[in-house]
Amino acid sequence: MLRQRVLFLKENHVLRILKRFMMAGLFAIALLLILVHKIDLGVISGISKGVLFITAPIIHVASLPAQGMSYSYKKISEITNIYKENERLKKENEELFLLKDQIRAVKAENQLLKKMLHHLDVPNIKTKTARVIAETGNSFSNSFIIYLGKGAHKIKPGYGVVGPHGLIGRIDIVSGRYARVSTITDINSKIPVVSASSRDRGILTGTNSPELKLVFTPLLAELHKGDLLVTSGVGGGLPPDIPIARIKQITMDTITAVPLFNPSEIEIVKIIIYDAFPSDKELKDIE
Amino acid sequence: MKSSIKNFLSETIVFFVPIIIILVLALLFYLPRSGSYWNFLHLAPFYIGIYFWQSQRADIFHLFSAFILGIFADVLEGVSLGINITTFLVLYLISVKYSTKFNVKRFSYSWLLFATAMLITLMFKALITSILYRQLIPLDFLGMEYLLTVALYPLLARIYILLERRYIHLEERYEKI
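Quantities reported herein were computed from a predicted structural model and do not represent experimental measurements. (Residues numbered from 1 in each chain as written. Chains lettered and ligands numbered in written order. Predicted model: local features only at pLDDT ≥ 70, side-chain atom pairs only at ≥ 80, totals over all residues.)

1. Thoughts on the overall build of chain A
Inclusion rule: For the purposes of this entry, the term helix denotes a DSSP run of H or I that reaches at least four residues, the term strand denotes a run of E that reaches at least two, and both are numbered from the N terminus. Using C-beta atoms placed from the backbone, we call a residue buried if 20 or more other C-beta atoms fall within 10 Å of its own, exposed if 12 or fewer do, and partly exposed for counts in between. We call two residues in contact whenever the C-beta atoms placed from their backbones are within 7 Å.
The helix and strand inventory of chain A stands at 4 helices and 12 strands. Residues classed as buried in chain A amount to 28% of the 287 residues present. For chain A, the proportion of contacts with a sequence separation of at least 24, taken over those separated by at least 6, is 54%.

Quick look at the structure:
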């Protein structure tokens, strides 16, 4: 049977010229997109949001059986280790019981000192939990997609995302009930930090590898291997004192640190809804 | 006129079949799993899919298909929009060159050529990413991604062959109406 002529493949001069320049044109568009993405125009984030809006629900539905299996496996392993876990918890409880009184005394002292110094606590912190539905982490990017559920409209790009051990990343794009999170190991990530012990400042940058680099530290900084790095709160993007990484190695040229989380173990995360600058209504309330 | 519309619809459906197959496979690779090695395979269905469909069914896989897949890959990966688009276009170009010069229908040739095409493609991607971020991409992880993607080629190519056989008669079916 002879093939009939197809509507949109009708050969003419225009189509022939278009075909010839299609390759160059598409390359030019792709390169233009890279450049425009750097400038951060609304059009690009619109495209990204649109694609995320289509793909994220599909991944979410597809991940449900896997999540169910993972949950069952966890429950079975918990049941088999229940005796050991009970013994460990008993020991931990005894230690915590001893610490409780000390913490109460320190807390009371802390409140008294804060009152004396007219110290202002970090304002406007609220949290929201979310579930990880897809993850990426290779040489080119480190991010994951989370399901926000109800109340997704409260989440804005830039909000911090924390796990049980500390900061994991920041919200990159929010689309519908889903959001993409860029982890602190991503090459684009740059977070102002401070050493928890010496209070020396620096910028923690991602390298797309499991290690982070600490840059812009003072010349006479007293940093040591194993020091905990916490967010400094500088810039107002993140609240201060969230644990983020531990210093792994210090050489003449570079300071490397390792994050406190394991990417493959993240299932549930907490989003920190934090605005450094309070709204007009909140300002009135403070007054 | 009626048959022309049917033809147009059939061509359009056939155009989207490879794209949808690649996307579905890619989305399955994005599911969270234990083990960090999976992370290096997220883009494997895209790379293998573009190379496979271009070399085996160039009639239904166009340059524009690679462009569309690039947009999806960019957003899913969380990289700057355009990086994966450019990379996929490079891979498509290499695949076109190979198809004209070598017998890509033979599996052993096809696998070997894919290995060389991937090497060039990943090097190109590493180069533009490094330029964009003014920072060198970790090459050890790049090597890992390359090896795992090349190793996965026979399996994914087999899946694509099965799916192609399932849908290959789609065009004929519509033409007979």
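2. Considerations on the overall build of chain B
Rules: Values of the radius of gyration come from C-alpha atoms, whereas the globule rule sets the reference at 2.2 Å times the count of residues to the power 0.38.
A count of helices and strands for chain B gives 7 helices and 0 strands. Ordered by position from N to C terminus, the α and β elements of chain B give α-α-α-α-α-α-α. Compactness check: chain B gives a C-alpha radius of gyration of 17 Å against a globular reference of 16 Å for 177 residues, within 12% of the reference. For chain B, the C-alpha atoms occupy an extent of roughly 55 × 35 × 35 Å along the three principal directions. Looking at chain B as a whole, 47% of its 177 residues are labelled buried. Once local pairs closer than 6 in sequence are excluded, the contacts in chain B between residues at least 24 apart make up 68%.

3. Some thoughts on the sheet that holds strand β7 (residues 201-205) of chain A
The strands making up a sheet associate through hydrogen bonds between their backbones, and the pairing can be parallel or antiparallel. Quick note on the threshold: Strands qualify as paired when DSSP identifies two bridges or more between them. Whenever a helix is involved, its axis is fitted only over the stretch in contact; in every case the axis is a line through C-alpha atoms, and angles between N-to-C directions fall within 0 to 180 degrees.
The strand order around the closed barrel built from 6 strands is β6-β7-β8-β11-β10-β9 (chain A), with neighbouring strands paired in antiparallel fashion. For this sheet, the mean angle separating the axes of adjacent strands, direction not counted, is 40 degrees.

4. Things to note about the domain arrangement of chain A
Accessible area lost during the coming together of the parts is what is often quoted as the interface size. Just so we agree on the cut-off: Domain extents, as shown, originate in an automatic or database domain assignment.
Domains assigned within chain A are domain 1 (63-117) and domain 2 (125-278). Inter-centroid distance (C-alpha atoms) of domain 1 of chain A to domain 2 of chain A is 23 Å.

5. A word on the interface of chain A and chain B
To keep things clear, this is the line we draw: Classes in brief: Ala, Val, Leu, Ile, Met, Phe, Trp, Tyr, Cys and Pro nonpolar; Asp, Glu, Lys and Arg charged; the others, Gly included, polar.
Facing the 45 residues of chain A at the interface are 43 residues of chain B. For the side of chain A that touches chain B, the elements supplying multiple residues, two or more each, are α1 (13-39), α2 (42-80), β1 (125-137) and β5 (178-183) of chain A. With 11 residues, α2 of chain A is the largest single contributor of residues to the side of chain A that touches chain B. When the residues that make up the side of chain A that touches chain B are grouped by side-chain class, the tally is 25 nonpolar, 16 polar and 4 charged.

6. A word on the pairing of strand β9 (residues 228-231) of chain A
Residues and elements named next belong to chain A. Judged from the 3 bridges that link them, strand β6 (residues 190-195) and β9 form a sheet pairing that is antiparallel. Note on β9: the bridge partner recorded for Ser195 is Leu229. Where β9 meets strand β10 (residues 243-250), 3 bridges bridge the pair, whose relative direction is antiparallel. Among the inter-strand pairings, Val230 is bridged to a residue of β10, identified as Pro243.

7. Regarding the pairing of β5 of chain A
Residue and element names in this part refer to chain A. In terms of burial, β5 is a largely internal element, 6 of the 6 residues being buried. Here strand β2 (residues 142-147) pairs with β5 via 5 bridges, running antiparallel. Residue Ile146 lies in a different strand from β5, and its bridge partner there is Ala179. Pairing of strand β4 (residues 167-175) with β5 involves 6 bridges; the strand directions are antiparallel. Residue pairing for β5: Ile171 is matched across the bridge by Val181. Counted along the chain from β4 to the antiparallel partner β5, the turn is 2 residues long, and its residue Gly176 has a positive phi close to 60 degrees.

8. Overview of the confidence of the model for chain B
Residue and element names in this part refer to chain B. Short version of the rule: As a per-residue measure, pLDDT reflects the predictor's confidence and takes values from 0 up to 100.
Mean pLDDT over chain B stands at 83; residues scoring 70 or higher make up 90%. Considering each helix and strand of chain B separately, the mean pLDDT is smallest for helix α7 (residues 170-176), with a value of 45, and largest for helix α2 (residues 44-56), with 91. In the predicted structure, residues 170-177 sits below a pLDDT of 50 and forms 11 contacts with residues beyond four places in sequence or in another chain. Here the predicted complex carries an ipTM of 0.79, next to a pTM of 0.73.

9. Here we look at the environment of Ile48 of chain B
Residues and elements named next belong to chain B. Among the structural elements, Ile48 can be located in helix α2. A residue is classified by how many C-beta atoms lie within 10 Å of it, and Ile48, with 25 of them, is buried. For the pair Ile48 and Thr149, spaced 101 residues apart in sequence, the C-alpha to C-alpha distance is 7.9 Å. Ignoring sequence-local partners within four residues, the contact set of Ile48 consists of Leu152, Tyr153, Leu156 and Ala157.

10. Some details on the sheet that holds β2 of chain A
All names here are of chain A. Spatially, the 6 strands close up into a barrel ordered β1-β2-β5-β4-β3-β12, and their pairing is antiparallel. Taking the axes of each pair of neighbouring strands and ignoring which way they run, one obtains an average angle of 45 degrees across the sheet. The pairing of strand β3 (residues 160-162) with β4 spans 3 bridges and is classified as antiparallel. Its bridge partner being in β4, Val161 is matched across the sheet by Gly169.

11. Examining the confidence of the model for chain A
In low-pLDDT regions, the fine details of the predicted coordinates are not to be read closely. Overall, the predicted model of chain A reaches an average pLDDT of 82, with 86% of residues at or above 70. No element of chain A has a lower mean pLDDT than helix α4 (residues 280-286) of chain A, at 65, and none a higher one than strand β11 (residues 255-259) of chain A, at 93.

12. Structural notes on helix α3 (residues 82-117) of chain A
Residues and elements named next belong to chain A. The line we're drawing: In this analysis the local bend is the angle between axes fitted, respectively, to the seven residues ending at and the seven residues starting at the residue.
A maximum bend of about 30 degrees is found in α3 at Leu99. Counting buried positions over the 36 residues of α3 gives 0, only a small fraction of the element. Two residues or fewer past α3, His118 is found with a positive phi of approximately 55 degrees.

13. Some words on unusual backbone geometry
Look at Asp241 of chain A: it is not a glycine, yet its phi comes out positive at around 65 degrees. Tracing the backbone shows Asp241 of chain A in the loop between β9 and β10. Positive phi outside glycine occurs at Arg134 of chain B, with the angle close to 55 degrees. Note that Arg134 of chain B resides in the loop between α5 (107-133) and α6 (139-167).

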